[in-house]
Amino acid sequence: MTRTPPIGLFRAVVSVHTVAAFAQPALAGVYLSGNIDGLTWHARIADVVSYAGLAQVVLAVVVSARTRRRWPVAASALIVVAEFGQYVVGMNGLLWAHLPLGVTIVAALAVLFTVVWVRPPARALVGVDG
């Protein structure tokens, strides 16, 4: 029996992760426009971004193990490491690092989103049970 990697679930998590990350600059803009609630929502969605990133890494490990492709884990792990740094510098008010790192993360997720939807990990190297 052939096992199919959870490409669909990986795509879904990457999509949620990307949408949440794209919401961050908009919510920061709400705050900078004078609405204090924008900062609260920015912080809440930062938690969503973090949890989605961790889920993405877990699924990337499963997809990579089943497809024998390393790039899903490498890309996901690098993004999560950058997001951890982003979270730390944001909580410490270091906007000089927070803003450019945020732009980099959003760009990286946009590329990853495009790759997993246009050219997902190959299914050719799927493991065989039994």
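Right above here is the structure, for reference.
Keep in mind that this is a model prediction, so the values were computed, not measured.

*Asks:* Help me get a handle on the overall build of the protein, residues and values and all.
*Replies:* A count of helical and extended segments in the protein gives four helices and zero strands. When its helices and strands are written in sequence order, the protein yields α-α-α-α. Taken across its 130 residues, the protein has 34% of its residues classed as buried. Sequence separation of 24 or more characterises 72% of the internal contacts of the protein that already satisfy a separation of 6 or more. When the accessible surface of the protein is split by element, carbon and sulfur atoms take 72% of a total near 7700 Å².

*Asks:* Got a sec to walk through the packing of helix α1 (residues 7–32) against helix α2 (residues 37–67)? Specific residues and values, please.
*Replies:* Running from amino to carboxyl end, α1 crosses α2 at an angle of 160°, the nearest separation of the two axes being 8 Å. If you check the angle between α1 and α2, you find them roughly antiparallel. You can see that α1 and α2 cross each other, and the crossing is left-handed.

*Asks:* I'd like a description of a nonpolar patch on the surface, backed by residues and values.
*Replies:* Residues Y31, L32, I36 and L39 make up a contiguous nonpolar surface patch of roughly 420 Å² in combined accessible area. On the secondary structure map, L39 appears in helix α2. Here L39 falls in the partly exposed class, since its relative accessible area comes to 39%.

*Asks:* Would you mind going over helix α3 (residues 71–91) in detail, with residue names and values included?
*Replies:* If you check α3, its first and last C-alpha atoms are 30 Å apart, about what 21 residues at 1.5 Å a residue would give, namely 30 Å. Within the span of α3, buried status applies to P72, S76, I79, V80, E83, Q86 and V89. Against the buried residues of α3 lie α1, α2 and α4 (95–118). Just downstream of α3, G93 is the residue with a positive phi angle, here 70°.

*Asks:* Talk me through the side chain of E83; I want residue IDs and the actual numbers.
*Replies:* Along the chain, E83 falls in helix α3. Buried charged residue E83 carries no salt bridge. Nearest counter-charge: R44, at 18 Å.

*Asks:* Just give me the short version of α2, but keep the residues and values in it.
*Replies:* Helix length check: α2 (31 residues) gives 44 Å between terminal C-alpha atoms against 45 Å at 1.5 Å per residue, within 8%. Two residues or fewer past α2, R68 is found with a positive phi of approximately 60°.

What counts and how
Residues numbered from 1 in each chain as written. Predicted model: local features only at pLDDT ≥ 70, side-chain atom pairs only at ≥ 80, totals over all residues. Heavy atoms only, no water. Helix = DSSP H or I, 4+ residues; strand = E, 2+ residues; numbered from the N terminus. Buried < 20%, exposed > 50% of the residue type's maximum accessible area, 1.4 Å probe, protein only. Contact = heavy atoms within 4.5 Å. Areas by Shrake-Rupley, 256 points an atom, 1.4 Å probe, with all protein chains shown as cover. Axes fitted to C-alpha atoms, helices over the stretch in contact; angles between N-to-C directions. Parallel < 35°, antiparallel > 145°, perpendicular 65-115°, else oblique. Left-handed = near helix turned anticlockwise from the far one by under 90°. Patch = residues over 30% accessible without salt bridge, like charges linked within 9 Å, V, L, I, M, F, W, Y side chains within 5 Å. Salt bridge = Lys/Arg side-chain N within 4 Å of Asp/Glu carboxyl O. Expected span 1.5 Å × (residues − 1). Lys, Arg positive; Asp, Glu negative; His and termini not counted.

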